[in-house]
Amino acid sequence: MNTTKTYRNFFIFMTGTTIISGIVTLICPVVLNLWNSHGASLTVGKIGILCLITVAALLLELILILVREQFACHYNQANFENYLMKFLHLKYDFLLEKGASNLLQRIQQAVNCMYNYMTGDVFTIWSNLLIVFVSAILMLLQIPVAGLVMLLELPIELWGYKILNQKLMSYSKQLQENSAKAYSQILSYIENIDYLKQCHTYEVLLKQLKPSEQLLYQSMRDVNIVAQGGSRLLHSAKQIIQMISLALAVYQVSLQKENPLLLLMATIFIPLFFQSLSAITNANLRKSELMVSKAFLKELNENIENSFAFTDLKEISSLTIHLKQLVLHGKILAKEIHGEYQKGDIVWIKGPSGTGKSTLVKLLIKFRNTDGTSFNNIFFNGIPLSSLDPGQVRSLVSYLPQSTPIVEGTLRENLFFNRSYSPHEEELLLQSGILSTLLAHKSFDSPILENGSNLSGGEKQRIALARAFLEHPDVLILDEVTSSLDQSAATQLLNLVLQDSQNRITFIISHDSLPAQYAGKILNLTP
């Protein structure tokens, strides 16, 4: 979906509806002004005409709302997809630091702010500016003294809400950050249902959650105090000026014995003027949330991982590692890591805890450049990793982490995770035997619950291996995939890895010893 084109079309449409909306709101006051200028008297028939105009205007506005929101829904979805794509290309360390659930909540908040402001508040401002302008001009022409008092409110609104907006921007940023952080913290406590339900009492858990709750609602309190307190002060000033304007209008009409239509005009125009000012300032108040969201989205753009390719890579036939040391966040994890590997090699990466086994394999898929130079010392087919595009590398390397991502859906949907469904590939999975134990009591259409709660550890690993099988990688990395399995299940999984191993380089991280038939080479990491 072309977001720019969609928004351009939407903007043209909303500009038209803004003009129509403003004109519709002003029809009754303008008609009254025309009748007054021609000296017409107010009759039952004229009151009926005004009522019909009001009803027609209401129906038109309801239709415009329906059409606008339908169109806006598509734009909002496209905008969310756009930033979701940016989220998927964020730097690995930035994702770890901020937290995936935290960032997704901030993205949703940002998209909603943009939706509310760009598809509503912008047009509210312009349509009400038209109403304010016309109302002020007509009052100046008909009752000048009341019109001048009305205009006094404009600088009060402008400067008052400008100061309030600056304060709110700071508090809104804090609220967005704290609410996302609080929800993420609460979710981290309650997302493991098995552990949660085995607790016999929850008093201590609720105490542990209290700081997150306080963080959320105290931030909300601070925003509300500033927003509602400041708005109340400015609203009171507006009410005083509105009362003075109405009093002056009534006084002038009664003093000069003017046409009663003029008094009716004043009772319509003056409240309409101040209502429109309120709508404009309320829309501007929400602009502070928009500015915070824009700053957050700018931060996302600044943390997108670099994507480039100096050299094209169609396949990986050899892999060479020459690292003097493996460093993470300034700490040396291991030294003198060297190895040359060809297709058919199965490499056991071993070493004490904390020597960077997972950190090393994450270098191979360009998750992070640990010390800024590591990519220059890892070679695919003799080409430095620094010269290769991350996406291109990941299309040839499959990484199976310790925890297998499982989505809520069917078994088939889990197997074809980020992959278009193919009946042929499904048949290949059947023939491979990877899913034999899983399909003994499930079908491809069987539901998989949230976090794979109805799957065993071995079944989750088989799903992960099946995904890798469909990718036909040149390099397969298994990161402690047997750690949660019993000996029998671990042996079955390793036997599956042996299948077709001649057509790839396989790395296995394991604290357990691997027999020679599984690992022909050993890469030993030492601190």
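Residues numbered from 1 in each chain as written. Predicted model: local features only at pLDDT ≥ 70, side-chain atom pairs only at ≥ 80, totals over all residues. Heavy atoms only, no water.

**Focus: the confidence of the model for the protein chain**
Averaged over every residue, the pLDDT of the protein chain is 82; the share at 70 or more is 91%. Highest mean pLDDT in the protein chain belongs to strand β4 (residues 378-380) (95); lowest belongs to helix α6 (residues 193-197) (60). (pLDDT = per-residue confidence, 0-100. Helix = DSSP H or I, 4+ residues; strand = E, 2+ residues; numbered from the N terminus.)

**Comments concerning the pairing of strand β9 (residues 475-479)**
Counting buried positions over the five residues of β9 gives five, a clear majority of the element. Here strand β6 (residues 397-400) pairs with β9 via four bridges, running parallel. Its bridge partner lying in β9, Val397 is registered against Val475. In terms of strand pairing, β9 meets strand β10 (residues 505-509) through five bridges, oriented parallel. The residue bridging Leu478 from the neighbouring strand is Ile508, located in β10. (Buried < 20%, exposed > 50% of the residue type's maximum accessible area, 1.4 Å probe, protein only. Pairing = 2+ DSSP bridges.)

**Digging into the sheet that holds strand β11 (residues 521-524)**
Pairing between the strands of a sheet is mediated by backbone hydrogen bonds and can be parallel or antiparallel. Here we have five strands laid out as an open sheet, ordered β6-β9-β10-β3-β11, and parallel in their pairing. At either end of the open sheet lies a strand with only one pairing partner, and these are β6 and β11. Mean inter-strand twist for the sheet, computed between neighbouring axes without regard to direction, equals 15 degrees. Pairing geometry for strand β3 (residues 346-350) and β11, over four bridges, is parallel. Residue Trp348 lies in a different strand from β11, and its bridge partner there is Ile522. (Axes fitted to C-alpha atoms, helices over the stretch in contact; angles between N-to-C directions.)

**Quick look at the pattern of salt bridges**
For the structure shown, the criterion picks out 13 salt bridges. Note that Lys343 and Asp474 form a salt bridge whose closest N and O atoms lie 3.3 Å from each other. In this pair, Lys343 sits in the loop between β2 (331-342) and β3 while Asp474 sits in the loop between α15 (457-471) and β9, placing the two residues 131 residues apart along the sequence. The partner of Glu426 in a salt bridge is Arg412, and the shortest N-O contact between them spans 2.7 Å. With Glu426 in helix α13 (residues 423-432) and Arg412 in helix α12 (residues 411-415), this residue pair connects regions lying 14 residues apart in the sequence. We classify Glu426 as buried; its relative accessible area is 12%. Three or more residues joined by partner-sharing salt bridges are found here, namely Glu315, Lys343 and Asp474. (Salt bridge = Lys/Arg side-chain N within 4 Å of Asp/Glu carboxyl O.)

**Description of the packing of α13 against α15**
Running from N to C, α13 and α15 cross one another at 120 degrees; their axes reach a closest spacing of 11 Å. Taken together, α13 and α15 sit at an angle that is classed as oblique. Relative to α15, α13 is oriented so that their crossing is right-handed. Here Glu425, Leu428, Leu429 and Ser432 of α13 come into contact with α15, specifically with Ala466, Phe469 and Leu470. For the contact of α13 with α15, the per-class residue count stands at five nonpolar, one polar and one charged. (Parallel < 35°, antiparallel > 145°, perpendicular 65-115°, else oblique. Left-handed = near helix turned anticlockwise from the far one by under 90°. Contact = heavy atoms within 4.5 Å. Nonpolar A, V, L, I, M, F, W, Y, C, P; charged D, E, K, R; others polar.)

**Thoughts on the sheet that holds β4**
In spatial order, the strands read β2-β1-β4-β5; together these four strands make up an open sheet with antiparallel pairing. Each having just a single partner strand, β2 and β5 (383-384) make up the two edges of the open sheet. Bridging between strand β1 (residues 318-328) and β2 involves 10 bridges; their strand directions are antiparallel. Looking across to β2, one finds that Leu323 is bridged to Ile337.

**Details of the layout of surface pockets**
In this structure, the second largest pocket spans a volume of roughly 410 Å³. Going through the elements one at a time, α4 (100-142), α5 (144-190), α7 (203-256) and α9 (287-302) are the ones with two or more residues in the lining of the second largest pocket. For the lining of the second largest pocket, the per-class residue count stands at nine nonpolar, nine polar and two charged. (1 Å grid on protein atoms, 1.4 Å probe; cavity = no way out; pocket = protein on both sides within 12 Å on 5 of 7 lines; lining within 4 Å. Points joined across faces, edges and corners; volume = space filled by probe spheres on them.)

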